[in-house]
Amino acid sequence: MESSDTVLAAHRAYLLGWNIGVAGEPDLPTYRSDVPHATLNGVLRVAGRTPQDALAEARQRLHGVPRVWWVGPDSDPGTADGLADLGAAEVARLPIMTVTIGEAADVPAPAGLDITETTDLDAFVPAYARVSGIPADGVAATIEREKAFTGDGTVIRLAGRLDDGRIVGTTVAWLSQGLVTLYFVGTQPEQRRRGIGAAMTSAALRLAAERGAQTAALTSSPIGESVYRNLGFRPVGEFRLLTF
């Protein structure tokens, strides 16, 4: 099992792949995609900086876009409370979860679902945008950012399609730092409770194992935590997400 430092480094590397702004130094790394969706712009950690100083600099870099602060184990103790004292509101607490791929449950795709890699971003992005809350007027910018994605790693996009070609499940697998981190694991609302999310996750783990990864990590939403626990994922830390 990879250390939590490695998991956090992989997470930072993925979100920095969206950045078209000033990334900054390791004590205050930020990413700016210009997509009007808070989790696609933000601050990744605060280390050795006072909350007041960090806020002033981050506001300059991220002015004009919705954004979040990821306050996890790689930020200084007290950062979240310090930001709250300055007026930040906590919007979520998200467990950071990992599993050794060889010990994860293997879930087959439900009948009628075909899970394959895709490069068709014009179909893939709107599918995950609908689930993730990216507004309609932000989809075009998201597609452009995906097409221009950079980063210290490899992105694999998996689409779960029905027989009629509709994408009903998505997963982005990010291979970096010797492990796979999963993003945009989602199922279209009308197709939920069929096991699609678990199958999409399992397919991503199989593909990552073929490419040499031994550990998988993700940051879970409350709705997905039980699914990931059933697959074998366990919490190793927590992000507190804050916004001003």
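Residues numbered from 1 in each chain as written. Predicted model: local features only at pLDDT ≥ 70, side-chain atom pairs only at ≥ 80, totals over all residues. Heavy atoms only, no water.

1. Looking at the side chain of Arg 157
Part 1: With respect to the helices and strands, Arg 157 occurs in strand S6 (residues 154-161).
Part 2: Overall, the relative accessible area of 13% leaves Arg 157 in the buried class.
Part 3: Side-chain polar atoms of Arg 157 contact the side chain of Glu 146, separated by 2.6 Å.
Part 4: Aside from chain neighbours lying at most four places away, what touches Arg 157 is Thr 116, Glu 117, Thr 118, Leu 121, Phe 124, Glu 146, Phe 149, Thr 171 and Val 172. (Helix = DSSP H or I, 4+ residues; strand = E, 2+ residues; numbered from the N terminus. Buried < 20%, exposed > 50% of the residue type's maximum accessible area, 1.4 Å probe, protein only. Polar contact = N/O pair within 3.5 Å; in protein donor to acceptor, adjacent residues only side chain to side chain. Contact = heavy atoms within 4.5 Å.)

2. Remarks on the packing of aromatic side chains
Part 1: Counting across every chain of the model gives 11 aromatic pairs.
Part 2: When the ring of Tyr 14 is compared with that of Phe 149, the centres are 5.4 Å apart and the planes differ by 35°; the resulting orientation is tilted. Note that Tyr 14 is positioned in helix H1 (residues 4-16) and Phe 149 in the loop between helix H5 (139-147) and S6, a separation of 135 residues in sequence.
Part 3: Taking 3.9 Å as the distance between ring centres and 15° as the angle between the ring planes, the aromatic pair formed by Tyr 14 and Tyr 183 counts as stacked. Residue Tyr 14 is found in helix H1, and its partner Tyr 183 is found in strand S8 (residues 179-187); the two are separated by 169 residues along the sequence. For the pair Tyr 14 and Tyr 183, a shared accessibility class is recorded, and that class is buried.
Part 4: Pairwise contacts between aromatic rings join Tyr 14, Trp 18, Phe 124, Tyr 128, Phe 149, Trp 174, Tyr 183 and Phe 184 into one cluster.
Part 5: A cation sits over an aromatic face here: Arg 59 above Phe 244, 5.3 Å from the ring centre. (Phe/Tyr/Trp six-rings, centres within 6.5 Å; stacked < 30°, edge-to-face > 60°. Lys NZ or Arg CZ within 6 Å of the ring centre and 35° of its normal.)

3. Some points on H1
Part 1: End to end, H1 covers 18 Å across 13 residues, agreeing with the expected 18 Å (1.5 Å per residue, within 8%).
Part 2: Of all 13 residues making up H1, 10 are buried, and the element is well covered by its neighbours.
Part 3: Residues of H1 that are buried include every one of Thr 6, Val 7, Leu 8, Ala 9, Ala 10, His 11, Arg 12, Ala 13, Tyr 14 and Leu 15, and no others. (Expected span 1.5 Å × (residues − 1).)

4. Examining the UniProt feature "domain: N-acetyltransferase" (unreviewed entry) in the protein chain
Part 1: In the numbering used here, UniProt assigns the "domain: N-acetyltransferase" (unreviewed entry) feature to residues 110-244.
Part 2: Secondary structure across residues 110-244 divides into 32% helix and 34% strand, with the first and last C-alpha atoms of the span separated by 42 Å. (UniProt positions renumbered as here; feature names shortened; annotations may be inferred.)

5. Thoughts on the sheet that holds strand S2 (residues 41-43)
Part 1: Strands sit in the order S1-S2-S3-S10-S4-S9-S8-S7-S6-S5 across an open sheet of 10 strands; the sheet is mixed. Only two strands of the sheet have a single partner each, and these edge strands are strand S1 (30-32) and strand S5 (114-117). Taken pair by pair, the neighbouring strands of this sheet meet at an average axis angle of 25°, ignoring direction.
Part 2: In this sheet, strand S9 (residues 215-219) lies alongside S8 in parallel orientation, the contact comprising three bridges. (Pairing = 2+ DSSP bridges. Axes fitted to C-alpha atoms, helices over the stretch in contact; angles between N-to-C directions.)

6. Description of the layout of surface pockets
Empty pockets left among the atoms are what a rolling probe the size of a water molecule brings to light.
Part 1: Its volume calculated, the largest pocket comes out at about 1100 Å³.
Part 2: Taken together, 38 residues make up the lining of the largest pocket; nearest its centre are Val 185, Gly 186, Ser 221, Ile 223 and Tyr 228.
Part 3: For the lining of the largest pocket, the secondary structure elements donating two or more residues are H1, strand S3 (68-71), strand S4 (89-100), helix H4 (121-132), S8, helix H6 (196-210), S9 and helix H7 (225-231).
Part 4: Counted by class, the lining of the largest pocket contains 23 nonpolar, 12 polar and three charged residues.
Part 5: Size it by volume and the second largest pocket reaches roughly 160 Å³.
Part 6: Lining the second largest pocket are 13 residues, and of these Ala 9, Arg 12, Ala 13, Leu 16 and Gln 177 sit closest to its centre.
Part 7: Looking at the lining of the second largest pocket residue by residue, the class counts come to five nonpolar, four polar and four charged. (1 Å grid on protein atoms, 1.4 Å probe; cavity = no way out; pocket = protein on both sides within 12 Å on 5 of 7 lines; lining within 4 Å. Points joined across faces, edges and corners; volume = space filled by probe spheres on them. Nonpolar A, V, L, I, M, F, W, Y, C, P; charged D, E, K, R; others polar.)

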